[in-house]
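# Secondary and tertiary structure notes
For reference, the chains in residue letters:
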Amino acid sequence: MYFILILFSSSFFSPVSSSFSSSCRLQGQFHLNGMHKAGDVVLGGLFEVHFFSVFPELSFTSEPQQPSCHGFDVLGFRQAQTMAFAIDEINRNSNLLPNVTLGYSLYDNCVKLGIGFRAALSLASGREEQFLLDKNCSGSPPVLGIVGDSSSTRSIAISSILGLYRVPMVSYFATCSCLSDRQRFPSFFRTIPSDAFQVRAMLQILKRFGWTWAGLLVSDDDYGLHAARSFQTDLAQSGGGCLAYSEVLPWGNDPTELRRIVDMMRKSTARVVIVFAHESHMIHLMEEVIKQNVTGLQWMASEAWTAATVLQTPRLMPYLGGTLGIAIRRGEIPGLRDFLLRIRPDNDPNNSYGNSIVRQFWEYTFQCRFAPPPAGWLDAGGALCTGQEDLGNVETGFLDVSELRPEYNVYKAVYALAYALDDMLQCVPDRGPFSRHSCATLQRMEPWQLVYYLEKVNFTTAFGDQVSFDENGDALPIYDVMNWLWLPDGSTKVQSVGVVKKLASTGEELILEDDRIFWNLESKKPPRSVCSDSCPPGTRMARRKGEPVCCFDCIPCSEGKISNETGSMECTSCPEDFWSSPQRDHCVPKRMEFLSYHEPLGICLTTASLLGTLICTIVLGIFTYHRSTPMVRANNSELSFQLLLSLKLCFLCSLLFIGRPRLWTCQLRHAAFGISFVLCVSCILVKTMVVLAVFTASKPGGGANLKWFGAVQQRGTVLALTSIQAAVCTAWLVSSSPAPHKNTQYHNDKIVYECVVGSTVGFAVLLGYIGLLAILSFLLAFLARNLPDNFNEAKLITFSMLIFCAVWVAFIPAYISSPGKYADAVEVFAILASSFGLLVALFGPKCYIILLRPEKNTKKAIMGRGTTKT
């Protein structure tokens, strides 16, 4: 490289000149294979006309040997001819560059960096050994711009030098994303999209077919290595998949390395193989693929080998059939075929085609040779060429202009330079963009001035494609998606099945005609290429330790969490009032739990409540019907009726605890319960006090006490005691009212709908007041248990209050420890049990006598029992 830099500096930028000389002389000249045409302005071109070369070692001690090239590339030659055609078309266009004739100097790089570099230096230095100048080696340069190179590696090397002096290069095939670096390559442009866009196009196709597990093969050069780096970065950022392997294909035929790579491909579970490499790499790779018989792979081709006809053979199609590839945008160039048909290897030195490259093409096409054959070339042989052979009678892909892809990019590159030059020459003096508003002229122009206009060029081709360059020198990106179709007769067809392009508003857009794609599989459907199948709804992905992110296990979501999408990374918790379905794929409303009328427990309690109410009604009817009998009258009939009514209220208030809690039922249930039971216990307390008062009055001097226990005083006492409970309930409801509450603490999968008491103090005061009256009644009844038989109701009161207190003492721990609806059931059971206890203990014996032993329901019988006992 240092030798080249020194040579470049001495041959181009430091020509021999002095004050005594008005000319510059080249110190040396490379002998290269090229095509030339004179013009007012000359454009350079670098093309791959030969596949292979023999490049001798450079030596400082001996005369340098010239490289020899062989393996004629017809398509590369057609690309060079496309540039010649474009220049010829521009020269015939009176609207573009009028009065200016374009010329060209085209060189063959032989797919070799050293030869391509020599060709670029020759273009920059010029072909004349000596040329006259105005003053001090100033004037128009030998070439104003260069179309090429086709290789990213060669473009990087050449542009890094020419860019120092702002010599514009417009490549038609170099795709390395590194060339978009304007700091390193300030004068580089291209009419082919960058690999960065090609990579994104590949990712769009992978995403389209759900391929998340793929292998990557790249060539060992700037093109492949930069593509691999860009692909891996974009793939990681998109989260659209993983690479099962990433391998670098060796240069040349390295059987050991190729065997290792193909063996890895065969063993891998990835069914998709992405290749960023050249067709020469693919030729060696496919030889090993055939040896190991690796079939069933879906190949994805970069633009470097998508259209490679050398790979589209019956021998390779069982393996490469169905390949999807990214291809350069196809274009149409009217008149190109006729131009190609006019090529003739005439020996007239004034003929632009009278050069060695055309002769080599002629010898390759017609399998003949000129006499004598050109020295150093290996392709000549066979019969003698006359130069009058007809190209139209030969079956060759050279004349097939139906799939012009690199050629279309060459065409656009030439026109981009022409339009930029046209804009530059139309500059109005004193209004130019350069220093002191100067303009460039045809006699005095610099390459860097053309760079300025290239950055602003904007035109539309006859095919309808817009051509312009962004701030990085990249053209508007667009690719065709190609598919390798293997026809039943064994022939091959590469067909376009879609397009991927960049839109300013929505980014990359992929349009595919899925029904036209040929899949080289028995199913005739797209293959599946995943490390792990996507986790279904109801599960989440759990990465396998030490493996790529695409390899995972599917773990069911835990209770209360769901995933309703395929491939969820996490399970999401359901809202508070919802719970996960059995499949864990959606949230369902939590089952609402409360003491319902429709469940067995609710039905039983409701039945018991109504039964108790019915019994109270029956007893009340019996007492009403027999109200004049001694048994009813002797036991304070008014208080008995009040007690029966309060017991009925106690039975009925239990119904408020059953059913869906509402605000009014929550507020009413405890108030009704507290007031009903206080009314009931107050009647029993007054009854007991009356019994004691009557017994005391039967003693000498005790009659005065009866005046405090008349009917009015009894009613007043019951009312007063009940009013105290009513006041407690009112204060409770006003200060902190009970309300419905959805409790999620007891169960995760259901909501316990309950009434919170609001104020625990209020509830405790309510129960405490009932308990106080009950204990007082029990004590008074216990003191009166041994009274004469005619006052024996005290025994019944004692027993009934004992049952009442036992029930409510047991209620407290049971209520506290019972969750949800069972707390309501415990309270209802306590209400019913205590109510039944009072009803049976107080009114059971009386009803027995009234109904079954009427002979004892007489005053004599009642008094007789008392006399006998006394």
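Shown above is the structure to which this text applies.
What you are looking at is a predicted structure, and each value in this text was computed from that prediction instead of being measured.

Across its full length, the protein holds 22 helices and 31 strands. A separation of at least 24 residues holds for 69% of the contacts in the protein among residues at least 6 apart in sequence. By element, 57% of the accessible surface of the protein is carried by carbon and sulfur atoms, the whole surface being about 40300 Å².

Our focus in this paragraph is the nonpolar core. Residues Phe-47, Phe-77, Met-83, Leu-102, Val-147 and Leu-421 are the most contacted members of the largest nonpolar core, which totals 67 residues. Of all the secondary-structure elements, those providing two or more residues to this core are strand S3 (41–47), helix H2 (74–91), strand S6 (102–108), helix H10 (336–341), helix H11 (356–366), helix H12 (406–425) and helix H13 (447–454). Contacts of Met-83, omitting those with residues within four sequence positions, involve Leu-43, Gly-44, Gly-45, Phe-47, Leu-106, Val-147, Val-410 and Val-414. One finds Leu-721, Tyr-769, Ala-825 and Cys-847 within the second-largest nonpolar core, a separate group that totals 66 residues.

Next up on the list: empty space enclosed by the protein. What the rule picks out here adds up to 1 cavity of 30 Å³ or more. Its boundaries defined by the atoms lining it, the largest cavity holds a volume of some 30 Å³. What lines the largest cavity is Leu-206, Trp-211, Thr-212, Trp-213, Ala-214, Phe-231, Leu-235, Gly-240, Gly-241, Cys-242 and Leu-243. Residue assignment for the lining of the largest cavity shows that the elements contributing at least two residues are strand S11 (213–219), helix H6 (222–238) and strand S12 (242–249).

This part takes up a nonpolar patch on the surface. Among the surface-exposed residues, Leu-610, Leu-649 and Leu-652 lie close enough to one another that they form a single nonpolar patch of about 240 Å² accessible area. Along the chain, Leu-652 falls in helix H16 (residues 637–653).

For Glu-288, the position within the fold is in helix H8 (residues 279–292). Although buried, Glu-288 forms no salt bridge, and the nearest oppositely charged side chain, Arg-259, lies 4.3 Å from it. Not counting chain neighbours up to four residues away, the residues in contact with Glu-288 comprise Leu-258, Arg-259 and Val-262.

Under the criterion given, the structure shown has 37 aromatic pairs. For the ring pair Phe-72 and Phe-361, a centre distance of 6.1 Å and an interplane angle of 40° mean the geometry is tilted. Of the two residues, Phe-72 is situated in strand S5 (residues 68–72) and Phe-361 in helix H11; the sequence distance between them amounts to 289 residues. Here the two residues Phe-72 and Phe-361 agree in accessibility, since each one is buried.

Here we come to the packing of helix H14 (residues 600–625) against helix H21 (residues 821–852). Relative orientation and spacing of two packed helices are given, respectively, by the angle between their axes and the distance between those axes. With their axes 10 Å apart at the nearest point, H14 and H21 run at an angle of 25° to one another. With respect to their mutual orientation, H14 and H21 come out roughly parallel. Viewed along their axes, H14 and H21 form a crossing whose handedness is left-handed. The segment H14 lies against H21, with Leu-601, Leu-605, Ala-608, Ser-609, Gly-612, Ile-615, Cys-616, Val-619, Ile-622 and Phe-623 engaging Tyr-822, Ala-825, Val-828, Leu-832, Phe-836, Leu-839, Phe-843, Lys-846, Cys-847, Ile-850 and Leu-851. Within the contact of H14 with H21, the residues separate by chemical class into 18 nonpolar, 2 polar and 1 charged.

So, on to the pattern of salt bridges. Counted by the stated rule, this structure contains 26 salt bridges. A salt bridge links Glu-247 to Arg-260, with the nearest nitrogen and oxygen atoms 2.6 Å apart. Residue Glu-247 is located in strand S12, and its partner Arg-260 is located in helix H7 (residues 255–267); the two are separated by 13 residues in the primary sequence. You can call Glu-247 buried: its relative accessible area is 13%. In this structure Arg-260 comes out as partly exposed when scored by relative accessible area, which is 35%. Across the pair Glu-257 and Arg-260 runs a salt bridge whose closest N-O atoms are separated by 2.7 Å. With Glu-257 and Arg-260 both in helix H7, this residue pair falls 3 residues apart, about one helical turn. Where salt bridges share partners, they join Arg-329, Glu-403, Arg-405, Asp-465 and Asp-480 into one cluster.

Taking 1.5 Å as the rise per residue, helix H19 (residues 760–783) with 24 residues should run 34 Å; its terminal C-alpha atoms sit 34 Å apart, in good agreement. Taken together, the buried positions of H19 are occupied by Gly-762, Phe-763, Leu-766, Tyr-769, Ile-770, Leu-773, Ala-774, Ser-777, Leu-780 and Ala-781.

Below, the discussion takes up the sheet that holds strand S29 (residues 591–593). Read from one edge of the open sheet, 3 strands run S29-S31-S30, paired in mixed fashion. On the outer flanks of this sheet lie S29 and strand S30 (739–743), each paired with one strand and no other. Going across the sheet, the axis of each strand differs from the next one's by a mean of 30°, ignoring polarity. Both S30 and strand S31 (residues 750–756) contribute to a ladder of 5 bridges, which runs antiparallel. Note on S31: the bridge partner recorded for Pro-740 is Cys-755.

Attention shifts here to H14. End to end, H14 covers 37 Å across 26 residues, agreeing with the expected 38 Å (1.5 Å per residue, within 8%). Where H14 is concerned, the buried positions are Gly-602, Leu-605, Thr-606, Ser-609, Gly-612, Thr-613, Cys-616, Val-619, Leu-620, Ile-622 and Phe-623.

In spatial order, the strands read S2-S6-S3-S8-S9-S10; together these 6 strands make up an open sheet with mixed pairing. If you trace the sheet from one side to the other, it starts and ends with strand S2 (34–37) and strand S10 (188–190), each paired once. Taking the axes of each pair of neighbouring strands and ignoring which way they run, one obtains an average angle of 20° across the sheet. As paired strands, strand S8 (residues 145–147) and strand S9 (residues 169–171) are joined by 2 bridges and run parallel to one another. Across the sheet, residue Val-147 finds its bridge partner in S9, namely Val-170. Here helix H3 (residues 113–125) sits on the sheet and contacts S3, S6 and S8; the angle it forms with S3, its principal contact strand, is near 180°. Along the sheet, helix H4 (residues 152–162) makes contact with S3, S8, S9 and S10, crossing S9 at roughly 160°.

This next bit is on the packing of H19 against helix H20 (residues 793–817). Running from amino to carboxyl end, H19 crosses H20 at an angle of 150°, the nearest separation of the two axes being 8 Å. Overall, the two elements H19 and H20 adopt an arrangement that is roughly antiparallel. Viewed along their axes, H19 and H20 form a crossing whose handedness is left-handed. Where H19 approaches H20, its residues Phe-763, Leu-767, Ile-770, Ala-774, Ser-777, Phe-778, Ala-781 and Phe-782 are matched on the opposing element by Ala-794, Ile-797, Thr-798, Met-801, Leu-802, Phe-804, Cys-805, Phe-811 and Tyr-815. Classifying every residue of the contact of H19 with H20 by side-chain character gives 15 nonpolar, 2 polar and no charged.

The next subject is the state of the cysteines. Simply put, the disulfide is a covalent bond whose two ends are the sulfur atoms of two cysteines. This model, assessed by the stated rule, comprises 10 disulfides. Put simply, Cys-242 and Cys-550 are joined by a disulfide, and their sulfur atoms are 2.1 Å apart. Residues Cys-242 and Cys-550 share a disulfide whose torsion about the S-S bond is about 90°; that sign makes it right-handed. With Cys-242 in strand S12 and Cys-550 in the loop between strand S23 (539–543) and strand S24 (552–556), this pair connects stretches of sequence that are 308 residues apart. As far as the burial class goes, Cys-242 and Cys-550 line up, both buried. Put simply, Cys-368 and Cys-385 are joined by a disulfide, and their sulfur atoms are 1.7 Å apart. Linking Cys-368 and Cys-385, the disulfide has an S-S dihedral of approximately 105° and is accordingly described as right-handed.

Counting buried residues in S11 gives 7 out of 7 residues, a clear majority hidden from the surface. Burial along S11 is two-sided: Trp-213, Gly-215, Leu-217 and Ser-219 facing one way and Ala-214, Leu-216 and Val-218 facing the other are all buried. Sheet analysis places S11 next to S12, joined by 7 bridges and oriented parallel. Looking at the pairing, Leu-217 lines up with Glu-247 of S12.

Its place among the elements puts Val-500 in strand S21 (residues 492–503). You can call Val-500 buried: its relative accessible area is 0%. On a C-alpha basis, the gap between Val-500 and Ile-205 in space is 9.3 Å, while along the polypeptide they are 295 residues apart.

Time to look at the environment of Arg-528. Checked against the element boundaries, Arg-528 lands in the loop between strand S22 (507–512) and S23. When near neighbours in sequence (up to four residues on either side) are disregarded, Arg-528 contacts Arg-271 and Asp-533. A polar atom in the side chain of Arg-528 sits 2.3 Å from the side chain of Asp-533.

So, how was this worked out
Residues numbered from 1 in each chain as written. Predicted model: local features only at pLDDT ≥ 70, side-chain atom pairs only at ≥ 80, totals over all residues. Heavy atoms only, no water. Helix = DSSP H or I, 4+ residues; strand = E, 2+ residues; numbered from the N terminus. Contact = heavy atoms within 4.5 Å. Areas by Shrake-Rupley, 256 points an atom, 1.4 Å probe, with all protein chains shown as cover. Core = buried A, V, L, I, M, F, W, Y, C linked by side-chain atoms within 4.5 Å. Buried < 20%, exposed > 50% of the residue type's maximum accessible area, 1.4 Å probe, protein only. 1 Å grid on protein atoms, 1.4 Å probe; cavity = no way out; pocket = protein on both sides within 12 Å on 5 of 7 lines; lining within 4 Å. Points joined across faces, edges and corners; volume = space filled by probe spheres on them. Patch = residues over 30% accessible without salt bridge, like charges linked within 9 Å, V, L, I, M, F, W, Y side chains within 5 Å. Salt bridge = Lys/Arg side-chain N within 4 Å of Asp/Glu carboxyl O. Lys, Arg positive; Asp, Glu negative; His and termini not counted. Phe/Tyr/Trp six-rings, centres within 6.5 Å; stacked < 30°, edge-to-face > 60°. Axes fitted to C-alpha atoms, helices over the stretch in contact; angles between N-to-C directions. Parallel < 35°, antiparallel > 145°, perpendicular 65-115°, else oblique. Left-handed = near helix turned anticlockwise from the far one by under 90°. Nonpolar A, V, L, I, M, F, W, Y, C, P; charged D, E, K, R; others polar. Expected span 1.5 Å × (residues − 1). Pairing = 2+ DSSP bridges. Disulfide = S-S within 2.5 Å. Polar contact = N/O pair within 3.5 Å; in protein donor to acceptor, adjacent residues only side chain to side chain.

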